[in-house]
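So you can see what is in the structure, the chains are spelled out below.
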Amino acid sequence: MTKPDMRSARTRQALKDAMFTLLETENFDQLTINDICMEAAVSRSTFYLHFDDKYDFMTFCIEEHISMIRAHFAQSNLETAFRQVLEANLRVQKPLRRLIRYEGSRELQRKLDDVFIHIYRDYYTAQAERGIRLPMPVEPLAVYTAAGVSSLINWWIASGCTVATLDEMVNYLVNRV
């Protein structure tokens, strides 16, 4: 990574950290670019070098979160990947709860659904190739499973991650869905 690229990455990370810090106490609708910039110690002009507005910035944050989820599943088995994803979500559970409640979070939900459909499509395809009999064709099974996983994770986050322990959630996601 070149020096300008590293500086850009640090700025984006500082802005992202600032937004998650602010989402601990405020809803996304209430946040202003000025609030985010002040928390990140970044000028507004620097913010606008990277993003068009706070919605473009939120899209960037969502994409970063989705990339993290994809990376965990690409490098691990289902149990380990779910554990890593849930642990990461625990660290930012309050901001995630606020984002889930935000009207614009439908885009986040759609992207998460797409990620889980892709993960389960690959998983069930591999199962079928090994000769394991599936209860239905791969595509509807992947969509069905992904919807359950996504809803279960949203329920857990919306509840403050208190209705089930991390181990219980991993068990639900790996062995019950």
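Residues numbered from 1 in each chain as written. Predicted model: local features only at pLDDT ≥ 70, side-chain atom pairs only at ≥ 80, totals over all residues. Heavy atoms only, no water.

Here the focus is the layout of surface pockets. Quantified by volume, the largest pocket comes out at close to 240 Å³. Every residue lining the largest pocket is listed: Gln-13, Lys-16, Asp-17, Phe-20, Cys-61, Glu-64, His-65, Met-68, Ala-88, Arg-91 and Val-92. Put simply, the parts of the chain that give the lining of the largest pocket at least two residues each are helix H1 (3-22), helix H4 (54-75) and helix H5 (78-91). Of the residues that constitute the lining of the largest pocket, the class distribution is 5 nonpolar, 2 polar and 4 charged. (1 Å grid on protein atoms, 1.4 Å probe; cavity = no way out; pocket = protein on both sides within 12 Å on 5 of 7 lines; lining within 4 Å. Points joined across faces, edges and corners; volume = space filled by probe spheres on them. Helix = DSSP H or I, 4+ residues; strand = E, 2+ residues; numbered from the N terminus. Nonpolar A, V, L, I, M, F, W, Y, C, P; charged D, E, K, R; others polar.)

Attention now goes to the pattern of salt bridges. Summed over the entire model, instances satisfying the criterion amount to 4 salt bridges. Glu-64 serves as the salt-bridge partner of Lys-16, at 3.4 Å between the closest nitrogen and oxygen. Linking Lys-16 in helix H1 with Glu-64 in helix H4, this pair joins segments that are 48 residues apart in sequence. In this structure, Glu-139 engages Arg-121 in a salt bridge whose closest nitrogen and oxygen atoms are separated by 2.7 Å. You can see Glu-139 sitting in helix H8 (residues 138-158) and its partner Arg-121 sitting in helix H7 (residues 106-129), a full 18 residues away along the chain. Here Glu-139 falls in the partly exposed class, since its relative accessible area comes to 37%. (Salt bridge = Lys/Arg side-chain N within 4 Å of Asp/Glu carboxyl O. Buried < 20%, exposed > 50% of the residue type's maximum accessible area, 1.4 Å probe, protein only.)

This part covers the packing of H4 against H5. When two helices pack together, their arrangement is captured by the angle between the axes and the distance separating the axes. In contact at an axis separation of 8 Å, H4 and H5 are set at 155° when each is read in the N-to-C sense. Compared by their axis directions, H4 and H5 come out roughly antiparallel. For H4 against H5, the interelement crossing comes out right-handed. In this structure, H4 contributes His-65, Met-68, Ile-69, His-72 and Phe-73 to the contact, and H5 contributes Leu-78, Ala-81, Phe-82, Gln-84, Val-85, Ala-88 and Asn-89. In terms of residue class, the contact of H4 with H5 is built from 8 nonpolar, 4 polar and no charged. (Axes fitted to C-alpha atoms, helices over the stretch in contact; angles between N-to-C directions. Parallel < 35°, antiparallel > 145°, perpendicular 65-115°, else oblique. Left-handed = near helix turned anticlockwise from the far one by under 90°. Contact = heavy atoms within 4.5 Å.)

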